[in-house]
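Structural description and commentary
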Amino acid sequence: MTIEEKLASMGLSLPTPPPKGGVYSPAKTFCGGKLVYISGCGPVIDKPVAGKLGAEFTIEQGRRYARDCMLNVLAVLKREIGDLDRVKGLVKITTFVASTPDFYDHPKVANGGSELLSALFEDVPTRSAVGMVALPGNIPVETEALFEIE
């Protein structure tokens, strides 16, 4: 089963890659085409989302937003490499979580993206889950990633 068939079996599909929010490259291929870095992607797919974990959003909502971030990451990756089945390995993801000062469950939020990758690629990346005072556009979660490509 292809990666996109696995997504469909989960009731998910890749969104249109998100527009750039500044002066940067959404994706950068390096090391002779073996590694691809995907710049941070937020959870916006169909409608805007704004707020913080520990205030407007619960951990479960944050997990869905982290999953949606990863769907956007994968959409950018597909645009860069043409076919998600070229992914050989998951190297690293960093998930940034906008939260109140007394919110301490950033890793639980980040699991939403990690679990999606694990289900699709049967691999688990290294990961950091980091709390932030604010993220661009007041989004609650943002994720960046590094992939190994065949």
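Notes on the structure follow. The structure presented is a predicted model; accordingly, all values stated were derived computationally and were not measured.

Conventions we followed
Residues numbered from 1 in each chain as written. Predicted model: local features only at pLDDT ≥ 70, side-chain atom pairs only at ≥ 80, totals over all residues. Heavy atoms only, no water. Buried < 20%, exposed > 50% of the residue type's maximum accessible area, 1.4 Å probe, protein only. Helix = DSSP H or I, 4+ residues; strand = E, 2+ residues; numbered from the N terminus. Pairing = 2+ DSSP bridges. Right-handed = clockwise from strand over helix to strand, strands pointing away. Salt bridge = Lys/Arg side-chain N within 4 Å of Asp/Glu carboxyl O. Contact = heavy atoms within 4.5 Å.

1. Section: the pairing of strand β3 (residues 87-98)
Of all twelve residues that make up β3, nine are buried, and the element is covered over most of its length. Strand direction decides the pairing type here: β3 and strand β5 (residues 141-149), joined by nine bridges, are antiparallel. Note that in β5 the partner of Phe 96 across the bridge is Glu 142. Relative to strand β4 (residues 126-132), β3 is paired through seven bridges, and the arrangement is parallel. Following the sheet pairing, Ala 98 is matched in β4 by Met 132. Where the polypeptide runs from β3 across helix α3 (residues 106-121) and back to β4, its parallel neighbour, the crossover connection is right-handed.

2. Section: the pattern of salt bridges
Under the counting rule described, the total for this entry stands at seven salt bridges. Between Lys 6 and Glu 122 there is a salt bridge, and its shortest N-O distance comes to 3.6 Å. A residue pair is termed long-range when its members are at least 10 positions apart, and Lys 6 in helix α1 (residues 3-9) and Glu 122 in the loop between α3 and β4 qualify at 116 residues. The exposed category is assigned to Glu 122, whose relative accessible area is 66%.

3. Looking at the pairing of strand β1 (residues 27-30)
Sheet topology note: the β1/strand β2 (residues 35-41) ladder contains four bridges and is antiparallel. Across the sheet, the residue bridging to Ala 27 is Ile 38, located in β2. The loop that links β1 with its antiparallel partner β2 comprises four residues; one of these, Cys 31, has a positive phi angle of about 55°.

4. Details of the environment of Pro 15
Along the polypeptide, Pro 15 turns up in the loop between α1 and β1. A residue is classified by how much of its surface remains accessible, and Pro 15, at 15% relative accessible area, is buried. With residues up to four places along the chain from it excluded, the contact list for Pro 15 reads Ile 45, Leu 71, Asn 72 and Ala 75.

5. Observations concerning unusual backbone geometry
Most peptide bonds take the trans form, and the phi angle of most residues other than glycine is negative. In this model, Glu 122 sits at a positive phi of 55°, which is unusual for a non-glycine residue. The backbone phi angle of Asn 138 is positive, close to 65°, even though this residue is not glycine. Along the chain, the position of Asn 138 falls in the loop between β4 and β5.

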